[in-house]
Amino acid sequence: MDFILTEDQQAVKEAARDFAQHQLLPGVIDRDRDMIYPTEQVKMMGEMGFLGMMVSPEYGGGGMDTLSYVLAMEEISKIDASCSVIMSVNNSLVCWGLEKYGNEDQKQRYLSRLATGEIIGAFCLSEPEAGSDATSQRTIAEDKGDHYLVNGTKNWITNGGKSSIHLVMAQSHRELQHKGINTLIIERAFPGVSIGAKEDKMGIRASDTHSIMYSDVKVGKENRIGDDGFGFKFAMSTLDGGRIGIAAQALGIAAGAYELALKYAQERTTFGKPIMTHQAISFKLADMATEIEAARLLVYRAARMKDLKMDFGTAAAMAKLFASEVAMKATTEAVQIHGGYGYVKEYHVERLMRDAKITQIYEGTSEIQRLVISRALLKGELYQPMQPSLQKA
Ligand code: CAA
């Protein structure tokens, strides 16, 4: 697929690969085992421009296209998916949403610090009783004239403990259902914000996932993004882009596992020859390589559609659905190819398999992606037949 990349995109890919190999690989097993947040590594990602890749240079970002961002996500995810989810949320859910829908004052106050990694952000949509059913927000933003009073709890928030800025979806007019939801910029330092314990997760264990509680938090109206009631559309539109980031993460996890399995299969011998030459193994690798390449096409296509300002929501859903399923399958096969070695931490593939699972869950489960895609089909937005019907009249 490298033939479709420009020289600049190729350079971004190589820089990210080099960074991941030299700065993320050392210690990745320990950070995963002990749930150690990658403080130094995140600082370096900020310095290298990986935390605000698509933000305009006037706000301190890299001014790059989505495909460049996807390439960096892919390379970083091959080595450390904990770092790549921190990067993905900051880039696609926080910076992108703020730049596209925030006003100039909000961008001046927050965007450049987020884009450079001076601070990082969190996207606070999920709640104990509002995951897939995101319209059922119980967090309240009560309209008090010049400000809102926010009360509620958010769950499974990536960057929850380390972020200085939260984009929080909250209900202001319950009778209007999703049209009553607002997105507010809440600073961690505002009185009434408290952070729950770090979640002890199956995968992406070094990333920082917490619940966040808001108790009588006073938020000035200047911190509302968009018009009154725009918050749900903000969340959905921003998640469309976020799903490209997670699709790229899944692609990277799959490709990382494949690269390790291929190398192992070339070096390991059984019955007097490298296991790569046993058809039982080489066919697995053939399937992995083919499926990963197909996922790559879908992910790059969604990124390109976004860059061309086309409607990309369904393409993003397809990319995330397919890449995350490929990640789960490829990592499971990589463990199988490694045999007993694959089951121990030293060989990395068991971690990649645990990391792969979350890509089928966060930023919309595989089931939600199928819902988004099937709704597009029902609306006739996809694959209209180009030929007259073959059915007999
Ligand atoms: N862009 C803009 N607007 C959109 C949209 C989109 N992609 N999708 C829907 N909308 C609008 C609709 O047009 C509709 O607006 P109107 O009423 O004006 O017509 C409104 O939003 C409601 O849409 P639906 O009727 O489709 O709402 P729904 O309740 O039937 O379903 C859903 C929507 C697709 C299921 C949605 O709830 C969803 O995506 N759920 C999954 C939530 C999710 O992805 N959560 C991830 C949490 S964040 C996270 O994981 C981050 C992290 O930390 C890693």
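Each chain carries its own residue numbering, running from 1 in the direction its sequence is written. Reporting of local features is limited, given that this is a predicted model, to residues whose pLDDT is at least 70; pairs of side-chain atoms are given and counted only at 80 or more, and all residues count toward the totals for whole chains, interfaces and linings. Values reported for side chains reflect all heavy atoms of the structure, with hydrogen atoms and water molecules removed beforehand.

Could you give me a rundown of the domain arrangement of the protein chain, with the residues and numbers involved?
The domain limits used here are those given by an automatic or database domain assignment. What the domain assignment lists for the protein chain is domain 1 (2–120), domain 2 (122–231) and domain 3 (233–378). Distance from the C-alpha centre of domain 1 to the C-alpha centre of domain 2: 23 Å. Note on contacts: a residue pair qualifies if any of its non-hydrogen atoms lie within 4.5 Å across the two residues. Contacts between the two partners involve 26 residues from domain 1 and, on the opposite side, 26 residues from domain 2. Both faces combined, the contact of domain 1 with domain 2 buries some 2,200 Å², and carbon together with sulfur accounts for 65% of it. What gets called buried area is simply the loss in accessible area from a 1.4 Å probe that two parts show on being joined, summed for both. Ranking the residues of domain 1 by area buried against domain 2 places M35, Y110 and I120 at the top, with a combined share of 28%. One side-chain nitrogen of Lys or Arg within 4 Å of one carboxyl oxygen of Asp or Glu is enough to make a salt bridge. At the junction of domain 1 with domain 2, the criterion picks out zero salt bridges.

If you had to explain helix α7 (residues 231–267) to someone new, which residues and values would you point to?
With 37 residues, α7 should cover 54 Å at 1.5 Å per step; its first-to-last C-alpha distance of 53 Å lies within 8% of that length. Burial analysis of α7 places 27 of its 37 residues in the buried class, the great majority of the element. The helix count covers DSSP runs of H or I at least four residues long, the strand count covers runs of E at least two residues long, and both are numbered beginning at the N terminus. A helix is expected to reach a length of 1.5 Å times the quantity of its residues less one. The buried label goes to any residue with under 20% of its type's maximum accessible area, the exposed label to any with over 50%, and the partly exposed label to all in between, with areas taken from a 1.4 Å probe on protein chains only.

Residue-level account of the packing of aromatic side chains, with values.
What describes a pair of aromatic rings is the distance from one ring centre to the other and the angle between the planes of the rings. By convention, a stacked pair of Phe, Tyr or Trp rings (six-membered ring in the case of Trp) has centres within 6.5 Å and planes under 30 degrees apart, an edge-to-face pair has planes over 60 apart, and any other such pair is tilted. Counted by the stated rule, this structure contains seven aromatic pairs. The interplanar angle of 50° and the centroid separation of 5.6 Å between the aromatic rings of F19 and F50 together place this pair among those described as tilted. On the criterion of sequence distance, the pair formed by F19 in helix α1 (residues 7–24) and F50 in the loop between α3 (39–47) and α4 (66–79) is long-range, its members being 31 residues apart. F50 carries the same exposure label as F19, and that label is buried.

Provide a residue-level description of the site of the ligand, including the pertinent values.
Near the ligand lie 25 residues; those nearest to it are S132, T158, H178, D240 and R375. In the environment of the ligand, an oxygen atom lies 3.0 Å from a nitrogen or oxygen atom belonging to the side chain of K179. A distance of 3.0 Å separates an oxygen atom of the ligand from a polar side-chain atom of K233. For accessible areas, the Shrake-Rupley method is used with a probe of radius 1.4 Å. Any residue's cover is judged against the shown protein chains and nothing else. A total of 1,100 Å² of accessible area belongs to the ligand in isolation, and the protein chains cover 73% of it. For the shell around the ligand, the element with the highest residue contribution is α7, accounting for seven residues. Its residues assigned to classes, the shell around the ligand shows 11 nonpolar, eight polar and six charged. Nearness is defined per residue: one heavy atom within 4 Å of the molecule or strand is enough. Pairs of N or O atoms within 3.5 Å make up the polar contacts considered here, provided that, within protein, one atom can donate a hydrogen while the other can accept it, and that residues adjacent in sequence are counted only when both atoms are side-chain atoms. Side-chain classes follow a simple rule in which Ala, Val, Leu, Ile, Met, Phe, Trp, Tyr, Cys and Pro form the nonpolar group, Asp, Glu, Lys and Arg form the charged group, and the remainder, Gly included, forms the polar group.

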